[in-house]
Amino acid sequence: MRRTWGLMGLGVVFGAGLAVAAEAPVGTWKTIDEKSGKPVSEVQLFEQGGKLNGKITALTEPNDKAGKPKTCTACKGDDKDKPIIGLVIIKELKPDGDRFKGGTILDPEDGKVYKAELWIEDGKLKVRGYLGPFFKTQTWVKSE
């Protein structure tokens, strides 16, 4: 998975010291390049049918080398060649304790789809993608 992921932040509701449920991290989050530390994209997380989804709403570099809007050329199915801005990359995550799980995240740079998990830690969104037993976690920050 790469830097273009976009995911929502999670809040935890506590009762008598026990996590009761995850609060949906609805809103806009900035994805951060791990090497440069600079923002790469913005992802808007939203609830739909009781599930958490997220779409890319902005890119730091929205155009390709030819000056045309970037598209998901590596994607398959319905997402093939769609503009990256507006692309729903997080799909169908369900609350599970203090996290959201059970859905997927799409990496528009390579078209791969990963199992996904999200949670809030220290006010930042942790976004984890799984491929079999392997995983990678990114940290996103809330947009202002």
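Shown above is the structure to which this text applies.
If you're wondering where the values come from, they're calculated on a predicted model, not measured in any experiment.

Engineer: I'd like a description of the overall build of the protein, backed by residues and values.
Structural biologist: A tally of helices and strands in the protein yields 0 helices and 10 strands. Secondary structure elements in the protein, listed N-terminal to C-terminal, are β-β-β-β-β-β-β-β-β-β. Buried residues in the protein amount to 37% of all 144 residues. For the protein, restricting intrachain contacts to residue pairs at least 6 apart in sequence, the fraction spanning at least 24 positions comes to 46%. When the accessible surface of the protein is totalled, it reaches about 8,000 Å², and 52% of it is carbon and sulfur.

Engineer: Break down the nonpolar core for me, citing the residues and quoting the values.
Structural biologist: If you look at the biggest cluster of nonpolar residues, it comprises 23 residues, and the most contacted ones within it are L45, I90, L118 and W140. Only β4 (39-48), β5 (51-59), β6 (88-96), β7 (99-107), β8 (112-121) and β9 (124-131) provide two or more residues apiece to this core.

Engineer: Which residues make up the state of the cysteines, and what values go with them?
Structural biologist: For the structure on display, the rule yields 1 disulfide. What pairs with C72 in a disulfide is C75, and their sulfur atoms sit 1.6 Å apart. Residues C72 and C75 are joined by a disulfide whose S-S torsion is about 60°; by sign, that bridge is right-handed. Here the two residues C72 and C75 agree in accessibility, since each one is buried.

Engineer: Explain the pairing of β5 residue by residue, including any values.
Structural biologist: Direction of pairing for β4 relative to β5: antiparallel, over a ladder of 8 bridges. Directly across from E42, in β5, lies its bridge partner A58. Between β4 and β5, which pair antiparallel one after the other, the connecting turn spans 2 residues, and G49 there sits at a positive phi close to 60°. Judged from the 3 bridges that link them, β5 and β6 form a sheet pairing that is antiparallel. For K55, the partnering residue across the bridge sits in β6 and is V88.

Engineer: Any chance you could break down the sheet that holds β8 for me, citing the residues and the numbers?
Structural biologist: Spatially, 8 strands are ordered β3-β4-β5-β6-β7-β8-β9-β10 in a closed barrel, and the strand pairing comes out antiparallel. The average undirected angle you get between the axes of adjacent strands in this sheet is 35°.

Engineer: Describe in detail the packing of aromatic side chains, supporting the description with residues and values.
Structural biologist: For the coordinates displayed, the defined rule picks out 1 aromatic pair. When the centroid spacing of 5.7 Å and the interplanar angle of 55° are considered together, the rings of Y130 and F135 count as tilted. Since its relative accessible area comes to 24%, Y130 is described here as partly exposed. The residue whose ring lies beneath R99 is W119, and the NZ or CZ to ring-centre distance is 3.8 Å.

Cut-off values and rules
Residues numbered from 1 in each chain as written. Predicted model: local features only at pLDDT ≥ 70, side-chain atom pairs only at ≥ 80, totals over all residues. Heavy atoms only, no water. Helix = DSSP H or I, 4+ residues; strand = E, 2+ residues; numbered from the N terminus. Buried < 20%, exposed > 50% of the residue type's maximum accessible area, 1.4 Å probe, protein only. Contact = heavy atoms within 4.5 Å. Areas by Shrake-Rupley, 256 points an atom, 1.4 Å probe, with all protein chains shown as cover. Core = buried A, V, L, I, M, F, W, Y, C linked by side-chain atoms within 4.5 Å. Disulfide = S-S within 2.5 Å. Pairing = 2+ DSSP bridges. Axes fitted to C-alpha atoms, helices over the stretch in contact; angles between N-to-C directions. Phe/Tyr/Trp six-rings, centres within 6.5 Å; stacked < 30°, edge-to-face > 60°. Lys NZ or Arg CZ within 6 Å of the ring centre and 35° of its normal.

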